Amino acid sequence: MLRPFDSLKARWPEQAWLGAVCEQAEFRLSNHPHGDFPRWRDTLASLPQARTEAVLNAPCPTLGQPVSDREALRAQLMEFHPWRKGPLQLGGVTIETEWRSDWKWQRVAPHIDLTEHRVLDIGSGNGYFGLRMLGAGAKLVVGIDPTLVFVMQWLAGRHFSGDIANFVLPLGIEELPEGRAGFDSVFTMGVLYHRKDPRGHLQRIHELLRPGGTLVLETLVLPRGCEDELLVPPQRYARMRNVWGIPGIDLLQEWVAGAGFRSSKLVNMTPTTTQEQRSTDWMRFESLEQAFDPGDRTLTVEGLPAPLRAIIVAVKPLQPYSESM
């Protein structure tokens, strides 16, 4: 039986709710109905032994010493296709993921200080950003992502890294307990536009942070000239089915303020390009290239504004905000 979350409970023992969440995650992982779960579990069990190590403060985190048969390891790691967040190096095998997630991290990192922070990473994927957060000084990263293959990728990385303080639980934010959780920072990157209730999502993050804690929000936004607008795609957006709404930047800032955050700063706006998101050997499905209008890169195939991403950093006040203040 897989029990990868036992050491997480021990890393933050004063938080009683964490034990229950870990038990829920262990049960989900050990009893998951996904048809590929037995194959993934067997692949994990067959990974070669290697000296564990974790070099994290680098664009491509290195986990584990190189193994003797890297071609065989490459074939095993391919069992966890598609690899979306990276790049990563496991046991000497470099994984060129769909996203150049290191580019996004370069845009975020100058605007935050994670020294000794306990971080919640919502929609963490395989835990790539958690590795970078530890490399930037975080004390503990709790990632949550309900997509099982990403949790399996994290477990493969953990086989080579050893018991480092980066975890990915197969849960969604709605499965965390109600009330305050005391995180120093909460990251929600590439998530907000997938939420039917984006304002509620931000309010829930506000609850999960300690007073004085930091929100890092990265999401799709509308281009300049549409600051107060909200795009609700009639069907798909950039071929994605589950995009519920894309706000202009002023409207997004209103949502952040309305959730109770202060000192909100827009620190970056960057169009997504096919150099940052693309198909690779490790993610063989169609990617961003097929999401553009073939004759106009400012539009998606649906005729909507092409992907533009913003990063906002905001703070939960030390004292509850009052309109009379």
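In case you missed it, the structure is sitting above this.
Summary of the structure given here. Computed from a predicted structure; not experimentally measured.

## Thoughts on the overall build of the chain
Along its length, the chain carries nine helices and 17 strands. The C-alpha extent of the chain, read off along each of the three principal axes, is 60 × 55 × 35 Å. Residue burial in the chain is summarised as follows: out of 325 residues, 54% are buried. Roughly 14200 Å² of accessible area belongs to the chain as shown, and the carbon and sulfur atoms make up 50% of that amount.

## Observations concerning the packing of helix H8 (residues 198-208) against helix H9 (residues 249-258)
Running from amino to carboxyl end, H8 crosses H9 at an angle of 40°, the nearest separation of the two axes being 8 Å. Comparing the axis directions of H8 and H9 gives the class oblique. Along this stretch, H8 crosses H9, giving a crossing that reads as right-handed. Between H8 and H9, the contacting residues are Pro198, Arg199, Leu202 and Gln203 on the first element and Trp255, Val256 and Gly258 on the second. Of the residues belonging to the contact of H8 with H9, the class tally is four nonpolar, two polar and one charged.

## Looking at the sheet that holds strand S5 (residues 93-95)
Strand order in the open sheet made by the four strands is S1-S2-S4-S5, with mixed pairing throughout. Two strands in the sheet have a free side with no partner beyond their single neighbour: strand S1 (54-55) and S5. The pairing of strand S4 (residues 88-90) with S5 spans three bridges and is classified as antiparallel. Looking across to S5, one finds that Leu90 is bridged to Val93.

## Section: the environment of Ile312
Its place among the elements puts Ile312 in strand S17 (residues 308-315). Note on Ile312: relative accessible area 0%, which makes it buried. Expressed as a C-alpha distance, the spacing of Ile312 and Leu217, which sit 95 residues apart in the sequence, is 5.1 Å. Among residues more than four places away in sequence, those in contact with Ile312 are Leu215, Val216, Leu217, Ile249, Leu252, Gln253, Ser264, Lys265 and Leu266.

## Observations regarding empty space enclosed by the protein
Applying the stated rule across the entire model yields two cavities of 30 Å³ or more. Reported here for the largest cavity is a volume of approximately 100 Å³. Around the largest cavity, the lining residues are Leu63, Leu88, Leu90, Asn126, Leu131, Gln153, Trp154, Gly157, Arg158, Ser161, Ile164 and Asn166. Those elements that provide at least two residues to the lining of the largest cavity are S4 and helix H7 (148-161). Among the elements that line the lining of the largest cavity, the one with the most residues is H7, at five residues. Tallied by class, the residues present in the lining of the largest cavity amount to six nonpolar, five polar and one charged. Considering only enclosed or pocket space, the second largest cavity measures out at about 40 Å³ in volume.

## Some details on the environment of Ser7
Looking at where Ser7 falls in the secondary structure, it is placed in helix H1 (residues 6-11). With 15 residues separating them along the chain, Ser7 and Cys22 place their C-alpha atoms 9.7 Å apart. Discounting chain neighbours no more than four positions away, the residues touching Ser7 are Arg158, Asp163 and Phe167.

## Details of the packing of helix H3 (residues 37-46) against H7
One way to put it is that H3 packs onto H7 with a least axis distance of 10 Å and a crossing angle of 5°. When the axis of H3 is compared with that of H7, the two are roughly parallel. The residues of H7 that touch H3, namely those facing Phe37, Trp40 and Leu44, are Leu148, Val149, Met152, Leu155 and Ala156. Across the contact of H3 with H7, the residue classes tally to eight nonpolar, no polar and no charged.

Calculation criteria
- Residues numbered from 1 in each chain as written.
- Predicted model: local features only at pLDDT ≥ 70, side-chain atom pairs only at ≥ 80, totals over all residues.
- Heavy atoms only, no water.
- Helix = DSSP H or I, 4+ residues; strand = E, 2+ residues; numbered from the N terminus.
- Buried < 20%, exposed > 50% of the residue type's maximum accessible area, 1.4 Å probe, protein only.
- Areas by Shrake-Rupley, 256 points an atom, 1.4 Å probe, with all protein chains shown as cover.
- Axes fitted to C-alpha atoms, helices over the stretch in contact; angles between N-to-C directions.
- Parallel < 35°, antiparallel > 145°, perpendicular 65-115°, else oblique.
- Left-handed = near helix turned anticlockwise from the far one by under 90°.
- Contact = heavy atoms within 4.5 Å.
- Nonpolar A, V, L, I, M, F, W, Y, C, P; charged D, E, K, R; others polar.
- Pairing = 2+ DSSP bridges.
- 1 Å grid on protein atoms, 1.4 Å probe; cavity = no way out; pocket = protein on both sides within 12 Å on 5 of 7 lines; lining within 4 Å.
- Points joined across faces, edges and corners; volume = space filled by probe spheres on them.

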